[in-house]
Amino acid sequence: MMAEIGKYNILRVVKKDDDGLNLSDGEHEILLPSTDALPQVEVNDTITVFVFMDTTGQLLATTKQAFAEIGDFAYLTAVDADENGTFLDLGINQNVYAPIEEQQQPMSEGEKHIVYLYLDEPNQRILASSRLHQYIEEGDFEVGDEVQLLISEEANLGFHAIINNRHIGILYRNELVVDVAIGDKRKGWIKSIHIEGRIDLSLRPQGFEHVLNTKKVILRALKNEGGTISLGDKSTPEEIHARFQISKNAFRKAIGGLYKERLITLSDYEIRFLTD
């Protein structure tokens, strides 16, 4: 199977000399330079490497950890530029190039940008684009699904986030219980899916299971603290988040459920555990 450029590949060592290791995918040989070669590796061993094309057109491999592969969205730092584009640090011996026409906004040295990595087929080079929406796919989710998020852009209502490295949704600013920033990776949940396909996200589990978990946490805290917690229906969102790292809405749902189950008593600024 031919090695994939811009991806990790498992290749076989067919030659070892002062230049490094010659690796084979069964069709081509790829040089792993001596600066990256592992001394304990011998001929006929297999090794996992990242494969890329250098500026001279030579196919090379590296054991270094690339920040992303082709098909990934990543938060990369601009390290150099020329009249046609910008070079971004990929974490290996070769920077990745973002052509000017693929830049949503101009990239300056030292800045970090969310980009999508793709293969330039004619030249077999890894390229980057910050025009993210052309690489977004339609999602196939259900409300409550747990997903992985990459915070990609600040918007009027909050933050856009890449979902599972393929899709996009929004976290609303007024629902955030923790600070987020572009480039952050977070665990999230699908909050709602609109008829036109727009996806609303949350950093908190959705639905009944989350309420159950929150109720358990509050009950445990009550038992550990002598049966009383100085939080209630009129406590501020900041006070509630500082104590339980949840929103006020989630807190109210949980204590409302505990009250209906006759497990606690409620007041404006206090909840008490009801003993048998």
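What you see is a predicted model, and the numbers here were worked out from it, not measured in a lab. (Residues numbered from 1 in each chain as written. Predicted model: local features only at pLDDT ≥ 70, side-chain atom pairs only at ≥ 80, totals over all residues. Heavy atoms only, no water.)

J.: I keep staring at unusual backbone geometry and nothing clicks. Help me out?
T.: Among all residues save glycine, negative phi is the norm, and among peptide bonds the norm is trans. Non-glycine residue Asn44 carries a positive phi angle of around 80°. One can find Asn44 in the loop between β3 (29-33) and β4 (46-53). Of note in this structure, Arg262 is not a glycine but carries a positive phi near 60°. The topology assignment puts Arg262 in the loop between α3 (248-260) and β17 (264-267). (Helix = DSSP H or I, 4+ residues; strand = E, 2+ residues; numbered from the N terminus.)

J.: Hey, could you run me through the sheet that holds strand β13 (residues 167-172) in this one?
T.: In sheet architecture, strand pairing relies on hydrogen bonds along the backbone and comes in two forms, parallel and antiparallel. The five strands lie next to each other as β11-β12-β13-β15-β14, forming a closed barrel whose pairing is mixed. Going across the sheet, the axis of each strand differs from the next one's by a mean of 55°, ignoring polarity. In the sheet, strand β12 (residues 158-163) pairs with β13 via six bridges, with the strands oriented antiparallel. Note on β13: the bridge partner recorded for Ile163 is His167. (Pairing = 2+ DSSP bridges. Axes fitted to C-alpha atoms, helices over the stretch in contact; angles between N-to-C directions.)

J.: Would you take a moment to explain the side chain of Asp25 for this structure?
T.: Assignment of secondary structure puts Asp25 in the loop between β2 (20-24) and β3. At 9.2 Å, Arg12 is the nearest oppositely charged side chain to Asp25, a buried residue that forms no salt bridge. For Asp25, the side chain forms a polar contact with the main-chain nitrogen of Ala3, separated by 2.7 Å. In terms of polar contacts, Asp25 uses its side chain to reach the backbone amide nitrogen of His28, at 2.6 Å. (Buried < 20%, exposed > 50% of the residue type's maximum accessible area, 1.4 Å probe, protein only. Lys, Arg positive; Asp, Glu negative; His and termini not counted. Salt bridge = Lys/Arg side-chain N within 4 Å of Asp/Glu carboxyl O. Polar contact = N/O pair within 3.5 Å; in protein donor to acceptor, adjacent residues only side chain to side chain.)

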